[in-house]
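The primary structure of each chain is shown beneath.
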Amino acid sequence: MKHIKTINESTLNKDIKKAGCGECQTSCQSACKTSCTVANQKCERK
Amino acid sequence: MIHSFKIHGTYMVLDVMSGAVHQLDEVAYDVLGCYDENGVLNNDELKNLSRYNESEINEAIEEIEYLKKNHMLFTEDPYTQMLPGWAKQTVVKALCLHIAHDCNLRCGYCFAGTGEYMGHRSLMSLDVGKKAIDFLIENSGNRRNLEVDFFGGEPLMNFEVVKGIVDYARTREKETGKNFRFTITTNALLLDEDKRRYINENMHNVVLSLDGRKEVNDALRKRIDGTGSYDRVLPLARKMAEERGQQQYYVRGTFTRKNLDFGTDVLHLADLGFEQISVEPVVANKDSGLDIRAEDVETVCREYEHLAKEYVERRKNGQWFNFFHFMIDLEGGPCVAKRLRGCGSGTEYLAVTPEGELYPCHQFVGRKEFLLGNIYDGLNQNPVRDTFRNTNVYTKPRCNSCWAKFYCSGGCAANAWQFNSDIRIPYEIECELEKKRVECALWIKAQESSRLAGPAEN
């Protein structure tokens, strides 16, 4: 495409039926302790 | 829902429901501005774009329509139907153990008073620690990965108990099939060689508190005798970071309205050789003189943008470091179910006091209306548990309409309660800062995904 460059394709809505296993890290344990920064957490299944 | 924005001369758009991110040229950005929230093009609005020639406009429309068709722009919400399943009863999977309600620093912004959390100075006993591990195992259902953070006050003031708890958890791990990950959050004052070795051998993550420049750190992070802590802490924290191979740790600072130029503190920490850095806004009372106020938001947002630019430059030129709030995993990040409710305080994540009381998180400790039980008798019937369980970005009106909801996951419940007396009403200043950080993080991704991404202004 000439005017738009895709940096990241659709990812959030993939495999949503498998979502919610709960094995991932609790975000507050990572560094913050005062704020939620969730989008950098790893999925344990990937 | 989409969010389009401009940063350092780069035009970008986030497709909220799919997580797709695109970089646009100016024509496409302006044409996209002619679409309504449902993705319908308003031809009257297009008439205001007479500065572009018709063929450019038509090309941009064609590209936008292609992305719509391929579910990468104006994607509809596919999650609503999944919410009931995701909102099912949760289990406890993480504990913040208050190993010491005492501290050897007297930081000016500490939410725990001077370590005692509105109570009395006390240390957790090994018996309480073991019982907390039992409580976690018993309440974790089928979850395998369990997390324990050793927190305070200052946990190194009670380090033998920390070691005893780790030993105990390892023995229970074998018999239960669970996998414990330990973290310790420390001011590093007592971080001698033996403790560092133990931590490196046993802790998944270490958070080392240091605010940045010496004058900034020492203005608020004072020792009991009133002197600054920087000179003592810095060499110990550096050793720890080096011994961990610059992995699985954070040097973690706090900024206040006394240093709204906190980007300089981040870069100072990077100059010192730290590669994993987190510097975060203070949570302080309105009358403290330290709290970030509405009139500071513009300055702080500008500082994040400035830092983002310097961040990209340094990482490109061999001075790589990681800034926690600019980290965003677009491809392998957590699922939407996780993103609905963020940290899980009050449900998956609980804090345990030295006496074994349970609270929604460390920030609520000592506030009796949030007492959720104790490790001996288990969780109580405090109705605030239901409030925590039923709160997510879809049930909070302000979050539901926000483009950043899948990145901040509704923000910090403790902040919301402190400023709005309701965990369901997010703290607006935190929201504004988080939105700017997400924009910066997406811009950084665009810059680092290709060096052809376009020149930065200024």
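Calculation notes
- Residues numbered from 1 in each chain as written.
- Chains lettered and ligands numbered in written order.
- Predicted model: local features only at pLDDT ≥ 70, side-chain atom pairs only at ≥ 80, totals over all residues.
- Heavy atoms only, no water.
- Helix = DSSP H or I, 4+ residues; strand = E, 2+ residues; numbered from the N terminus.
- Buried < 20%, exposed > 50% of the residue type's maximum accessible area, 1.4 Å probe, protein only.
- Lys, Arg positive; Asp, Glu negative; His and termini not counted.
- Charge placed at Lys NZ, Arg CZ, Asp CG, Glu CD.
- Polar contact = N/O pair within 3.5 Å; in protein donor to acceptor, adjacent residues only side chain to side chain.
- Pairing = 2+ DSSP bridges.
- Axes fitted to C-alpha atoms, helices over the stretch in contact; angles between N-to-C directions.
- pLDDT = per-residue confidence, 0-100.
- Contact = heavy atoms within 4.5 Å.
- Buried area = accessible area lost by both parts, 1.4 Å probe.
- Salt bridge = Lys/Arg side-chain N within 4 Å of Asp/Glu carboxyl O.
- Phe/Tyr/Trp six-rings, centres within 6.5 Å; stacked < 30°, edge-to-face > 60°.

1. A look at the overall build of chain B
At step 1: From N to C terminus, chain B includes 17 helices and 16 strands.
At step 2: Oriented by its inertia axes, the alpha-carbon framework of chain B measures out at about 75 × 50 × 45 Å.
At step 3: Sorting the 458 residues of chain B into buried and exposed places 61% on the buried side.
At step 4: Here chain B carries 57 positive and 69 negative side-chain charges, and the mean point of each set is 5 Å from the other.

2. Quick look at the environment of R51 of chain B
All names here are of chain B.
At step 1: By the secondary structure assignment, R51 is in the loop between α2 (43–46) and α3 (54–69).
At step 2: Look at R51 and you get exposed, because its relative accessible area is 54%.
At step 3: Each C-alpha atom of the pair R51 and V27 lies 9.5 Å from the other, and the pair is 24 residues apart in sequence.
At step 4: In this structure the side chain of R51 is engaged in a polar contact, spanning 2.9 Å, whose partner is the side chain of D30.
At step 5: At 3.4 Å, the side chain of R51 forms a polar contact with the backbone oxygen of N48.

3. A closer look at the sheet that holds strand β2 (residues 10–15) of chain B
At step 1: Pairing in this open sheet of 4 strands is antiparallel, and the strands run β1(A)-β3(B)-β2(B)-β1(B) from one edge to the other. Pairing within the sheet leaves two strands with one partner each, and these edge strands are β1 (4–8) of chain A together with β1 (2–7) of chain B. Averaged over all pairs of adjacent strands, the angle between their axes in this sheet comes to 25 degrees, without regard to strand direction.
At step 2: Where β1 of chain A and strand β3 (residues 20–24) of chain B come together, 4 bridges link them in antiparallel fashion. Pairing of N8 of chain A across the sheet is with V21 of chain B, part of β3 of chain B.

4. Quick notes on the confidence of the model for chain B
Residue and element names in this part refer to chain B.
At step 1: Here chain B averages 93 in pLDDT, while 98% of its residues score no lower than 70.
At step 2: Across residues 451–458 the pLDDT falls below 50, and counting only partners more than four positions away or on other chains, this stretch makes 16 contacts in the model.
At step 3: The ipTM, which scores confidence in the relative placement of chains, is 0.89 for this predicted complex, and the corresponding pTM is 0.94.

5. A short note on the interface of chain B and chain A
At step 1: Contact with chain B, which involves 83 residues of that partner, is made by 42 residues of chain A.
At step 2: Between chain B and chain A lies a buried interface of about 5300 Å² when both sides are counted; carbon and sulfur atoms form 53% of it.
At step 3: For the interface between chain B and chain A, the tally reads 1 salt bridge.
At step 4: Notably, a salt bridge pairs E59 of chain B with K2 of chain A, separated by 3.1 Å at the nearest N-O pair.
At step 5: Where chain B meets chain A, there are 21 residue pairs in polar contact (both at pLDDT 80 or more).
At step 6: The greatest single-element share of the side of chain B that touches chain A, amounting to 7 residues, is contributed by α3 of chain B.

6. Let's talk about the pattern of salt bridges
Where charged atoms from two side chains of opposite charge approach closely, those side chains can pair.
Residues and elements named next belong to chain B.
At step 1: Counted under the stated rule, the structure contains 34 salt bridges over all chains.
At step 2: Note that R172 is salt-bridged to E175, the shortest N-O span being 3.0 Å. Residue R172 and its partner E175 are both found in helix α6 (residues 159–176); the two are separated by 3 residues, about one turn of the helix.
At step 3: On the accessibility criterion, R172 (15% relative accessible area) is buried.
At step 4: Among the salt bridges present, the one from D296 reaches R257, with a minimum N-O distance of 2.9 Å. Taken as a pair, D296 in the loop between β11 (276–281) and α11 (297–316) and R257 in the loop between β10 (249–255) and α10 (262–271) lie far apart in primary sequence, 39 residues in all.
At step 5: For D296, a relative accessible area of 4% gives the class buried.

7. Re the packing of aromatic side chains
Residues and elements named next belong to chain B.
At step 1: For the structure on display, the rule yields 21 aromatic pairs over all chains.
At step 2: Relative to F406, the ring of Y79 has its centre 5.4 Å away and its plane inclined at 80 degrees; by these criteria the two rings are edge-to-face. A residue pair is termed long-range when its members are at least 10 positions apart, and Y79 in the loop between α3 and α4 (83–86) and F406 in helix α15 (residues 405–408) qualify at 327 residues. The pair formed by Y79 and F406 is uniform in burial state, with each residue classed as buried.
At step 3: Taken together, the ring pairs in this structure connect F255, F262, Y304, Y311, F321, F323 and F326 into an aromatic cluster.

8. So, the sheet that holds strand β4 (residues 94–98) of chain B
Residue and element names in this part refer to chain B.
At step 1: Spatially, 11 strands are ordered β12-β11-β10-β9-β8-β7-β4-β13-β14-β15-β16 in an open sheet, and the strand pairing comes out mixed. Each edge of the open sheet carries a strand with a single partner, namely β12 (322–323) and β16 (378–379).
At step 2: Sheet topology places strand β15 (residues 373–374) next to β16; 2 bridges connect them, and they run antiparallel. Across the sheet, G373 pairs through a bridge with L379, a residue of β16.

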